[in-house]
Amino acid sequence: MSLKVATWNINSVRLRIGLVTRLLSHWRPDILCLQETKCPQGQFPSGPLRDMGYEHIAEFGQKGYHGVAIVSKRPFTAQSSRPFCGKDDCRHISVTLSGPKPVIIHNLYVPAGGDEPDPVINEKFAHKLQFIDELEAWFGKGCVPKGHESILVGDLNIAPLEQDVWSHKDLLRVVSHTPVETEGLLRIQKTGRWVDLMRRHVPEDQKLYTWWSYRARDWELSDRGRRLDHIWSTAGLAPSCRKIEVLKEARGWQQPSDHVPVMASFAE
């Protein structure tokens, strides 16, 4: 299988459709998974993408918040969305690509969790922890059917390893890097037998970021980043992942997202 899969928290797809087409034109992934599309269902700006050959689009959106979508040059044989935490808030969509061994692509947008890492006083953080628990339980039941492989991508809103943040010590009490979150994400990975493809190609002792805050006066100079965006795969697919690219230059584009695209290239 030859396949290029990219993931990007776009932070409003209608506002930044020009950046999406720029990415597709220059890097030409076969599949692009978007999070935080902020686009009501049925209003996804598909025209420019179809003009570029991305004719297959699966979207799950709502007005103003959240939202996920998958755009592809390849046709899907199936698509589905899964609710979490009793909320229909558009945080998951998956598609299945046909082949000798079908591949399911999961696109996830995990709740950010607010500012205070205390589920008792912060409902958003409680929601995030519940989401993590439900995701672990789902993968524990074997969400990848026999005879299939799978790729999981998205803004998981957790930087699990010490070198996934600019300062492990300073961020231990900051949402996205607290122990309860990082341990939860690593449990999900272990339960689902997922391979962290980014860290398979970039050693764990090296800094690796995909997000830089809008609050930084000079994001590139301060370089206070976090790795919130991830690409995982089932073990059978991992050896065919030849390259991982973090497209950092996109953070410097005009009116950028605070996240940058990440792309995995698979080959036989």
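As the structure is a prediction and not an experimental result, all values here were calculated from the model.

A.B. asks: Mind laying out the overall build of the protein chain, listing which residues take part and the relevant values?
C.D. replies: Of the regular secondary structure elements, the protein chain holds seven helices and 14 strands. By the compact-globule yardstick of 18 Å for 268 residues, the protein chain fits well, its C-alpha radius of gyration being 17 Å. In the protein chain, buried positions account for 57% of the 268 residues. For the protein chain, the share of sequence-separated contacts (at least 6 apart) that also reach a separation of at least 24 residues comes to 68%. As displayed, the protein chain offers around 12100 Å² of accessible surface, 47% of which is attributable to carbon and sulfur atoms. With 35 positive and 32 negative side-chain charges, the protein chain shows a separation of 2 Å between the mean positions of the two kinds.

A.B. asks: With reference to specific residues and values, describe the side chain of His259.
C.D. replies: On the secondary structure map, His259 appears in the loop between β13 (241–246) and β14 (262–266). Accessibility expressed as a relative area gives 4% for His259, which makes it buried. Once you skip the residues sitting within four places of it in the chain, His259 turns out to touch Trp8, Asn9, Asp155, Thr210, Trp211, Leu228 and Asp229.

A.B. asks: A description of the nonpolar core should follow, citing residues and the corresponding values.
C.D. replies: If you look at the biggest cluster of nonpolar residues, it comprises 30 residues, and the most contacted ones within it are Val5, Ile31, Ile105, Ile151 and Phe266. Leave out the neighbours within four places in its chain, and Ile105 touches Val5, Ile31, Cys33, Ile70, Ile93, Ser94, Val95, Leu97 and Ile151. Counting residues in each nonpolar core, the second largest holds 23 residues, with Leu19, Val20, Trp27 and Val71 among its members.

A.B. asks: Please provide a residue-by-residue account of the packing of aromatic side chains, values included.
C.D. replies: One pass over the full model with this rule turns up nine aromatic pairs. Summarising the aromatic geometry, the rings of Phe84 and Trp138 are spaced 6.1 Å apart at their centres and angled 70° between planes, so their arrangement reads as edge-to-face. Of this pair, Phe84 sits in the loop between β5 (78–80) and β6 (92–97) while Trp138 sits in helix α3 (residues 123–140), and the two are 54 residues apart along the sequence. Classification of Phe84 by relative accessible area gives buried; the value is 2%.

A.B. asks: For the sheet that holds β5, give the residues involved together with the corresponding values.
C.D. replies: Read from one edge to the other, the open sheet built from six strands follows the order β5-β6-β7-β8-β12-β9, with strand pairing classed as mixed. Two strands in the sheet have a free side with no partner beyond their single neighbour: β5 and β9 (194–196). On average, each strand axis in the sheet is inclined to that of its neighbour by 20°, with strand direction left out of account. Two elements, β9 and strand β12 (residues 229–234), share three bridges in a ladder whose sense is antiparallel. When the bridges of β12 are listed, Trp194 appears paired with Thr234.

A.B. asks: Describe the environment of Arg224, naming the residues involved and giving the relevant values.
C.D. replies: Note that Arg224 resides in the loop between α7 (219–222) and β11 (225–226). Residues Arg224 and Trp211, 13 residues apart in the sequence, show an inter-C-alpha distance of 8.7 Å. Excluding anything up to four places from it in sequence, Arg224 contacts Trp166, Trp211, Trp212 and Trp219.

A.B. asks: Hey, could you go over helix α1 (residues 17–27) for me, with residue numbers and the actual values?
C.D. replies: Residues of α1 that are buried include every one of Ile17, Leu19, Val20, Thr21, Leu23, Leu24 and Trp27, and no others. Considering only its buried residues, α1 is in contact with β1 (3–9), β2 (31–35), α2 (47–51), β13 and β14. With its phi angle positive at about 50°, Arg28 sits one or two positions after the end of α1.

A.B. asks: Describe the sheet that holds β14, with residues and values.
C.D. replies: Reading across from one edge, β3-β4-β2-β1-β14-β13 is the order of the six strands in this open sheet, with mixed pairing throughout. The open sheet has two edge strands with one neighbour each: β3 (56–60) and β13. Averaged over all adjacent pairs, the angle separating strand axes in this sheet is 10°, with direction ignored. Along the sheet, α1 makes contact with β1, β2, β13 and β14, crossing β1 at roughly 155°.

Reading the values: the criteria
- Residues numbered from 1 in each chain as written.
- Predicted model: local features only at pLDDT ≥ 70, side-chain atom pairs only at ≥ 80, totals over all residues.
- Heavy atoms only, no water.
- Helix = DSSP H or I, 4+ residues; strand = E, 2+ residues; numbered from the N terminus.
- Rg over C-alpha atoms; globule rule 2.2 N^0.38 Å.
- Buried < 20%, exposed > 50% of the residue type's maximum accessible area, 1.4 Å probe, protein only.
- Contact = heavy atoms within 4.5 Å.
- Areas by Shrake-Rupley, 256 points an atom, 1.4 Å probe, with all protein chains shown as cover.
- Lys, Arg positive; Asp, Glu negative; His and termini not counted.
- Charge placed at Lys NZ, Arg CZ, Asp CG, Glu CD.
- Core = buried A, V, L, I, M, F, W, Y, C linked by side-chain atoms within 4.5 Å.
- Phe/Tyr/Trp six-rings, centres within 6.5 Å; stacked < 30°, edge-to-face > 60°.
- Pairing = 2+ DSSP bridges.
- Axes fitted to C-alpha atoms, helices over the stretch in contact; angles between N-to-C directions.

These values are about where atoms sit, not about what they do.
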